[in-house]
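A closer look at the structure
Residues per chain are reported as follows:
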Amino acid sequence: MRCILTLFFLACFISSNAQNFTKERDKFIKESQRAFTQSDDQLTFSKEKLPKLIESSTFTESQFSKMVDLSNSIWLNLVFIE
């Protein structure tokens, strides 16, 4: 019983700390800039290239939605690895 409760609380803690990127373009850009800034390359990409890509007229809503879903999946996997 104690083991089950420990696992439950651990799962709740991990899920509460998991990043969920929003599907609003402006908010997604800001969230990704805060989340992916561990190296100079990530910082450059999130500050310069990502906003241009997302705001581009050739970047469809379907593509953006898939990118958000993939980002959430990657972030969730990173939380479980750490």
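Report follows, based on the coordinates. What you see is a predicted model, and the numbers here were worked out from it, not measured in a lab.

Thoughts on the packing of helix H2 (residues 25–35) against helix H3 (residues 40–55)
At a closest axis distance of 10 Å, the pairing of H2 and H3 adopts a crossing angle of 160°. When the interaxial angle is binned, H2 and H3 end up roughly antiparallel. Between H2 and H3 lies a crossing of right-handed hand. Note on element contacts: H3 touches H2 through Ser46, Lys47, Leu50, Pro51, Ile54 and Glu55, opposite Arg25, Asp26, Phe28, Ile29, Ser32 and Gln33. Of the residues that constitute the contact of H2 with H3, the class distribution is five nonpolar, three polar and four charged.

Side note on the pattern of salt bridges
Summed over the entire model, instances satisfying the criterion amount to three salt bridges. Residue Lys23 is joined to Asp69 by a salt bridge in which the shortest nitrogen-to-oxygen separation is 3.0 Å. A residue pair is termed long-range when its members are at least 10 positions apart, and Lys23 in the loop between helix H1 (2–17) and H2 and Asp69 in helix H4 (residues 61–81) qualify at 46 residues. Of the residues examined, Lys23 reaches a relative accessible area of 43% and is grouped as partly exposed. One salt bridge connects Glu24 with Lys27, and the closest N-O pair in it is separated by 3.8 Å. Accessibility expressed as a relative area gives 44% for Glu24, which makes it partly exposed.

Here's the deal with H3
Its 16 residues place the ends of H3 22 Å apart at the C-alpha level, agreeing with the 22 Å of an ideal helix rising 1.5 Å per residue. At Lys49, H3 shows its largest kink, close to 40°, and the proline Pro51 lies no more than four residues downstream. Ser46, Leu50, Pro51 and Ile54 are the residues of H3 that are buried.

What about the packing of aromatic side chains?
How two aromatic rings sit relative to each other is set out by the distance from centre to centre and by the angle between their planes. This model, assessed by the stated rule, comprises two aromatic pairs. Plain terms: the ring middles of Phe28 and Phe64 are 5.5 Å apart, the flat faces sit at 85° to each other, and that makes the pair edge-to-face. Placement of the pair is Phe28 in helix H2 and Phe64 in helix H4, with a sequence separation of 36 residues. The buried category is assigned to Phe28, whose relative accessible area is 2%. A cation sits over an aromatic face here: Arg25 above Phe64, 4.9 Å from the ring centre.

The rules we used
- Residues numbered from 1 in each chain as written.
- Predicted model: local features only at pLDDT ≥ 70, side-chain atom pairs only at ≥ 80, totals over all residues.
- Heavy atoms only, no water.
- Axes fitted to C-alpha atoms, helices over the stretch in contact; angles between N-to-C directions.
- Helix = DSSP H or I, 4+ residues; strand = E, 2+ residues; numbered from the N terminus.
- Parallel < 35°, antiparallel > 145°, perpendicular 65-115°, else oblique.
- Left-handed = near helix turned anticlockwise from the far one by under 90°.
- Contact = heavy atoms within 4.5 Å.
- Nonpolar A, V, L, I, M, F, W, Y, C, P; charged D, E, K, R; others polar.
- Salt bridge = Lys/Arg side-chain N within 4 Å of Asp/Glu carboxyl O.
- Buried < 20%, exposed > 50% of the residue type's maximum accessible area, 1.4 Å probe, protein only.
- Expected span 1.5 Å × (residues − 1).
- Bend = angle between axes of the 7 residues up to and from the residue.
- Phe/Tyr/Trp six-rings, centres within 6.5 Å; stacked < 30°, edge-to-face > 60°.
- Lys NZ or Arg CZ within 6 Å of the ring centre and 35° of its normal.

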